Amino acid sequence: MAEFLQQFVNGLAVGGIYALIALGYTMVYGVLKLINFAHGDLFTIGAYLGLTLLTSFGLADRVGPGVAVLLLVVMVMGFVAVIGIILERVAYRPLRNSPRLSAVVSALGASIFFQNAVMLIYGARFRVYPQNLLPKISLNLLGIYIPLVKILVLVVCVIMMVGLYLFIQRTTIGTAIRAAAIDQEAARLVGINVDGVITLVFIIGPALGGLAGLMVGILYGQIKFTMGWIYGLKAFTAAILGGIGNIPGAMLGGLILGVVEALGSAYISIAWKDAIAFCVLILILVVKPTGLLGERVAEKV
Amino acid sequence: MLLQVVDLKVSYGNIEALHGINLEIKKGEIVTILGANGAGKSTTLMTISGLLKPTHGAIYFDKIPLHKMPAHEIVKLGISQVPEGRRIFGTLTVKENLTLGAFTCKDRTKLRKNEEWIYELFPILAERRDQLAGTLSGGEQQMLAIARSLMSDPSILLLDEPSLGLAPLLVKSIFQALKEINRQGVTILLVEQNARAALRLAHRGYVMELGRIVIADTAENLLANPEVRQAYLGG
Ligand SMILES: Nc1ncnc2c1ncn2[C@@H]1O[C@H](COP(=O)(O)OP(=O)(O)OP(=O)(O)O)[C@@H](O)[C@H]1O
Ligand SMILES: [Mg+2]
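Sequence order sets the numbering: in each chain, residues are counted from 1 along the sequence as written. To label them, take the chains in the order written and letter them from A, then take the ligands in the order written and number them from 1. Note on the predicted model: pLDDT of at least 70 is required for a residue's local features to be given, and 80 or more for side-chain atom pairs to be given and counted; whole-chain, interface and lining totals, by contrast, use all residues. Processing note: side-chain calculations cover all non-hydrogen atoms of the structure and skip hydrogens and water entirely.

1. Here we look at the site of ligand 1
Residues and elements named next belong to chain B.
Line of reasoning, step 1. In the neighbourhood of ligand 1, 13 residues make up the surrounding shell, with Asn37, Gly38, Lys41, Ser42 and Thr43 lying closest.
Line of reasoning, step 2. N or O atoms closer than or at 3.5 Å make up a polar contact, with two conditions inside protein: a donor-capable atom paired with an acceptor-capable one, and, for residues adjacent in sequence, both atoms drawn from side chains. Contact distances for ligand 1 include 2.9 Å between an oxygen atom and a side-chain N or O atom of Glu84.
Line of reasoning, step 3. Throughout, the Shrake-Rupley method with a 1.4 Å probe supplies accessible areas, and for residues the shown protein chains are the sole cover considered. Isolated, ligand 1 exposes 630 Å² of accessible area, and the fraction of that covered by the protein chains is 58%.
Line of reasoning, step 4. Numbering of helices and strands starts at the N terminus; helices are DSSP runs of H or I of at least 4 residues and strands are runs of E of at least 2. Broken down by element, the residue count for the shell around ligand 1 peaks at three residues, all from helix α1 (residues 41-48).
Line of reasoning, step 5. Here the shell around ligand 1 is built from residues that sort into four nonpolar, six polar and three charged. It suffices for a single heavy atom of a residue to lie within 4 Å of a molecule or strand for the residue to be listed as near it. Under this grouping Gly is polar, as are all residues other than the nonpolar Ala, Val, Leu, Ile, Met, Phe, Trp, Tyr, Cys and Pro and the charged Asp, Glu, Lys and Arg.

As structure tokens, this is what we get:
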């Protein structure tokens, strides 16, 4: 039982990270019907930016670990959001009225550009996060020991998801984002600035993706310029799992994927970890092609 | 003149759909545009609302040029459209649809008053407030579409075939609502295939054919016009 709980919590932490990345895919898909292939690389940039802030500026030594982590979160999210805005302006907006395939090619190009930029700046080898950032203690919860850092990651993920959920569901701007995802023209006819909504989505998605990168750095201590590929793929899987375009779906999909992966590698085989994730995807898509929460109501005409 | 369309030309790609049309609507009027499928009625409304941009000509609202303005700014000026096919947000609730209708309106007391008026006009919407809009019946969806566009407190309402696909009784109640809306001071530009009902409601009308205005007259004269009777009123 303890082993199970341990793996379950591990799964939740990783799943939370998948979920944060998945939100970026799903929100962009919602309003633009475009898979932002560069999203995984924004995640990578978040991880490397965190590294730079920690090592070059010695953030942790100057202000102490607690404030340092908070500052890191804010700065990484802000900076990656700016890159997100630029990405949309440069790579996607000029192609808004072009055939869908042009935007897809542009997305792939942006991904390659970001990945190579990170490699040229930071090098192709693994980089390590400072190990002394957070105190290496574990908390005893329900009879299992969970490292503080894992709890922190989980808490941050939950705060972000709940915050985003409330923003999207309860505020007028959030409702406008959902409306723009349903019907852009109708949204413009009620006075919503759809370009503004798209910019907002390219702030929120990349900010959360960058944050996820930072948390992977803090959690595992190792980062590499290609890390965005596999995390991006998993998060994309999570978004499809939950129903692409659906925001709560991306959260749910991420958490499920993380937990299934963790339990699968503990009880079946760690070598099959990735395969298990994709088996889950295939299984769910066979049973429910729209994903878990996709398209709850068909529109009557 | 509240709304003035001057020599408007609009194209889809290389194909010109409007070949220079002129319209004038005075404050407080109900004006209808009649025309067969493909005449260019929806194109006209979409261009007034700013979703399409003209290649030539101009649109003025209270002397303010609209033809270069983005759609969301046009709504802010007080021009609201009920688009063809309703286009309500099906996976949002009725209440959320109405909230978005008032997206440009920041005055809270005005908003509340508007909401009250709308629930008075369409009581069924009050009952269905928390239901997803996509689960409403066709008639209720049309009411919601009209209600949503009224939430922005418009001075002119553009309606694109609000009677489409509705049973005669429902059409009657929609047209009654339009009359009431107009009585409250909202100017109306109504595109309709149901020419008889539209002409009975309207003060004036335009007949459109293949991207041109071919007749402009009072509703009374149009109802009596043999050509119009032949083509749009079934003889
Ligand atoms: N998105 C589009 N792309 C290309 N051509 C279009 C488009 N929309 C309309 N058209 C063309 O423009 C012309 C006018 O169409 P419009 O929709 O304005 O007509 P309408 O009078 O509203 O017709 P209906 O009564 O069927 O709604 C038609 O010839 C139509 O084929
Ligand atoms: Mg039409």
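2. Looking at the nonpolar core
Line of reasoning, step 1. Buried residues of nine kinds, namely Ala, Val, Leu, Ile, Met, Phe, Trp, Tyr and Cys, make up a nonpolar core once their side-chain atoms join them within 4.5 Å. The rule is simple: take the accessible area with a 1.4 Å probe, protein chains only, and divide by the maximum for that residue type; under 20% is buried, over 50% is exposed, in between is partly exposed. Within the largest apolar cluster, 102 residues are counted, with the highest numbers of intra-cluster contacts made by Ile17, Leu20 and Ile192 of chain A.
Line of reasoning, step 2. Aside from chain neighbours lying at most four places away, what touches Ile192 of chain A is Ala176, Ala179, Ala187 and Val197 of chain A together with His72, Leu100 and Phe103 of chain B.
Line of reasoning, step 3. Listed in part, the 48 residues of the second largest apolar core include Ile146, Ala177, Val207 and Leu233 of chain B. It only takes one pair of heavy atoms within 4.5 Å for two residues to be counted as in contact.

3. Brief notes about the sheet that holds strand β5 (residues 64-65) of chain B
Residues and elements named next belong to chain B.
Line of reasoning, step 1. By this definition, two strands are paired if DSSP reports at least two bridges between them. Judged by pairing direction, the sheet is antiparallel, and its four strands sit side by side in the order β2-β1-β4-β5 without closing on themselves. Two strands bound the open sheet, and with one partner strand each, they are β2 (15-25) and β5.
Line of reasoning, step 2. As defined by bridge partners, strand β1 (residues 3-12) adjoins strand β4 (residues 56-61) across five bridges and the pair is classed as antiparallel. The residue of β4 that forms the bridge with Lys9 is His56.
Line of reasoning, step 3. Sitting on the sheet, α1 touches β1, β2 and β4, and the angle it makes with β1 is about 115 degrees. Axis definition: a line fitted to C-alpha atoms, limited for helices to the stretch in contact. Angles are taken between N-to-C directions and run from 0 to 180 degrees.

4. Observations regarding the coordination of the magnesium ion (ligand 2)
All names here are of chain B.
Line of reasoning, step 1. At this site the magnesium ion (ligand 2) is bound by Ser42 (OG) and Glu84 (OE), with donor distances of 1.9 to 2.3 Å. Here Ser42 is found in helix α1, whereas its partner Glu84 is found in the loop between β6 (79-82) and α3 (94-101), with 42 residues between them in sequence.
Line of reasoning, step 2. Residue classification places Ser42 among the partly exposed positions, given a relative accessible area of 23%.
Line of reasoning, step 3. The exposure class assigned to Glu84 is partly exposed, which follows from its relative accessible area of 33%. The rule for donors is simple: an N, O or S atom within 2.8 Å of the metal counts, and for Na, K and Ca the reach is 3.2 Å. Water is not among the atoms, so a site may look short of donors.

5. Examining the interface of chain A and chain B
A common way to report how large an interface is uses the accessible area buried once the components associate.
Line of reasoning, step 1. If you look at the interface, chain A gives 22 residues, while chain B gives 29 residues.
Line of reasoning, step 2. Any Lys or Arg side-chain nitrogen found within 4 Å of a carboxyl oxygen on Asp or Glu counts as a salt bridge. The tally of links between chain A and chain B comes to three salt bridges.
Line of reasoning, step 3. Residue Arg87 of chain B is joined to Asp183 of chain A by a salt bridge in which the shortest nitrogen-to-oxygen separation is 2.7 Å.
Line of reasoning, step 4. In this assembly, chain A and chain B are joined by three residue pairs in polar contact (both at pLDDT 80 or more).
Line of reasoning, step 5. Put simply, the parts of the chain that give the side of chain A that touches chain B at least two residues each are α7 (172-182) and α8 (184-189) of chain A.
Line of reasoning, step 6. For the side of chain A that touches chain B, the element with the most residues is α7 of chain A, which contributes six residues.
Line of reasoning, step 7. Its residues assigned to classes, the side of chain A that touches chain B shows 11 nonpolar, five polar and six charged.

6. Re empty space enclosed by the protein
Line of reasoning, step 1. Cavities and pockets are defined on a 1 Å grid built over the protein atoms alone: a cavity is a set of grid points where a 1.4 Å probe fits but cannot escape, while a pocket is an open set with protein on both sides within 12 Å along at least five of seven lines, and lining residues are those with an atom within 4 Å of any such point. Grid points are joined across faces, edges and corners, and a volume is the space filled by probe spheres set on the points. Under the counting rule described, the total for this entry stands at two cavities of 30 Å³ or more.
Line of reasoning, step 2. Taken as a whole, the largest cavity holds about 60 Å³ of empty space.
Line of reasoning, step 3. Forming the boundary of the largest cavity are Val69, Val73, Val149, Leu152, Val153, Val156, Met215 and Ile218 of chain A.
Line of reasoning, step 4. Where the lining of the largest cavity is concerned, the elements lending two or more residues are α4 (65-92), α6 (148-170) and α9 (194-220) of chain A.
Line of reasoning, step 5. What lines the second largest cavity is simply Leu189 and Val190 of chain A together with Val75, Ser80, Gln81, Gly101, Arg148, Ser149 and Ser152 of chain B.
Line of reasoning, step 6. Mapped by element, the contributors of at least two residues to the lining of the second largest cavity are β6 and α6 (138-150) of chain B.

7. So, the packing of helix α1 (residues 2-32) of chain A against α6 of chain A
Residues and elements named next belong to chain A.
Line of reasoning, step 1. Closest axis-to-axis distance for the α1/α6 pair is 9 Å, and the angle between their directions is 35 degrees. In this structure, α1 meets α6 at a crossing whose hand is left-handed. Counting all contacts with α1, which are made through Val9, Asn10, Leu12, Ala13, Gly16, Ile17, Ala19, Leu20, Leu23 and Met27, the residues of α6 involved are Lys150, Val153, Leu154, Cys157, Met160, Met161, Leu164 and Ile168.
Line of reasoning, step 2. Along the lines of polarity and charge, the residues of the contact of α1 with α6 split into 15 nonpolar, two polar and one charged. By the definition used in this description, the sense in which the near helix is turned from the far one sets the handedness, with an anticlockwise turn below a right angle giving left-handed and a clockwise turn giving right-handed.

8. A few points about helix α2 (residues 39-55) of chain A
Line of reasoning, step 1. Expected helix span is taken as 1.5 Å per residue step, with the number of steps being one fewer than the number of residues. Here α2 of chain A is 17 residues long and its end C-alpha atoms lie 25 Å apart, about the 24 Å a rise of 1.5 Å per residue gives.
Line of reasoning, step 2. Among the 17 residues that make up α2 of chain A, 16 are buried, leaving the element largely enclosed by the rest of the structure.

9. Regarding the environment of Leu23 of chain A
Residues and elements named next belong to chain A.
Line of reasoning, step 1. One can find Leu23 in helix α1.
Line of reasoning, step 2. The class for Leu23 is buried, based on a relative accessible area of 0%.
Line of reasoning, step 3. Every residue in contact with Leu23, bar those within four places of it in the chain, is listed here: Met161, Leu164, Leu208, Ile247, Ala250 and Met251.

10. With respect to the packing of aromatic side chains
Residue and element names in this part refer to chain A.
Line of reasoning, step 1. Paired rings are identified among Phe, Tyr and Trp, the last through its six-membered ring, by centres lying within 6.5 Å, and are further divided according to the angle between planes into stacked (under 30 degrees), edge-to-face (over 60) and tilted (the rest). With the rule as written, the count across this model stands at seven aromatic pairs over all chains.
Line of reasoning, step 2. Ring centres 4.6 Å apart and planes at 45 degrees place the aromatic pair Tyr48 and Tyr122 in the tilted group. With Tyr48 in helix α2 and Tyr122 in helix α5 (residues 100-122), this pair connects stretches of sequence that are 74 residues apart.
Line of reasoning, step 3. Considering the side-chain rings of Tyr92 and Phe202, the 5.8 Å spacing of their centres and the 45 degrees angle between planes classify their relative orientation as tilted. With Tyr92 in helix α4 and Phe202 in helix α9, the pair connects residues that are 110 residues apart, well separated along the chain.

11. Details of the domain arrangement of chain B
All names here are of chain B.
Line of reasoning, step 1. An automatic or database domain assignment is the source of the domain bounds shown. On domain assignment, one finds that chain B holds domain 1 (1-78 + 155-235) and domain 2 (86-153).
Line of reasoning, step 2. The centre of domain 1, based on its C-alpha atoms, is set 23 Å off from the matching centre of domain 2.
Line of reasoning, step 3. Taken together, the contact pairs 18 residues of domain 1 with 14 residues of domain 2.
Line of reasoning, step 4. Defined here as a combined quantity, buried area equals the accessible surface (1.4 Å probe) lost by two parts on assembly, summed across both. Sorting the residues of domain 1 by area buried against domain 2 places Leu157, Ile174 and Ile181 first, and these three jointly supply 29% of that buried surface.
Line of reasoning, step 5. In this assembly, domain 1 and domain 2 are joined by zero salt bridges.

12. Let's talk about the sheet that holds β6 of chain B
All names here are of chain B.
Line of reasoning, step 1. Taking strand neighbours across the sheet as the criterion, the six strands line up as β6-β7-β8-β3-β9-β10 in an open arrangement whose pairing is mixed. Each of the sheet's edge strands pairs with one partner strand only, and the pair in question is β6 and β10 (212-218). Pairwise comparison of adjacent strand axes, ignoring direction, gives a mean angle of 15 degrees for this sheet.
Line of reasoning, step 2. Pairing geometry for β6 and strand β7 (residues 156-160), over four bridges, is parallel. Paired with Ile79 across the two strands is Ile156, which belongs to β7.
Line of reasoning, step 3. On top of the sheet, α1 reaches β3 (30-35), β6, β7, β8 (187-192) and β9 (204-209); it is set at about 150 degrees to β7, its chief contact.
Line of reasoning, step 4. Strand contacts of α6: β6 and β7, with the helix running at about 170 degrees to β6, the strand carrying the most contacts.

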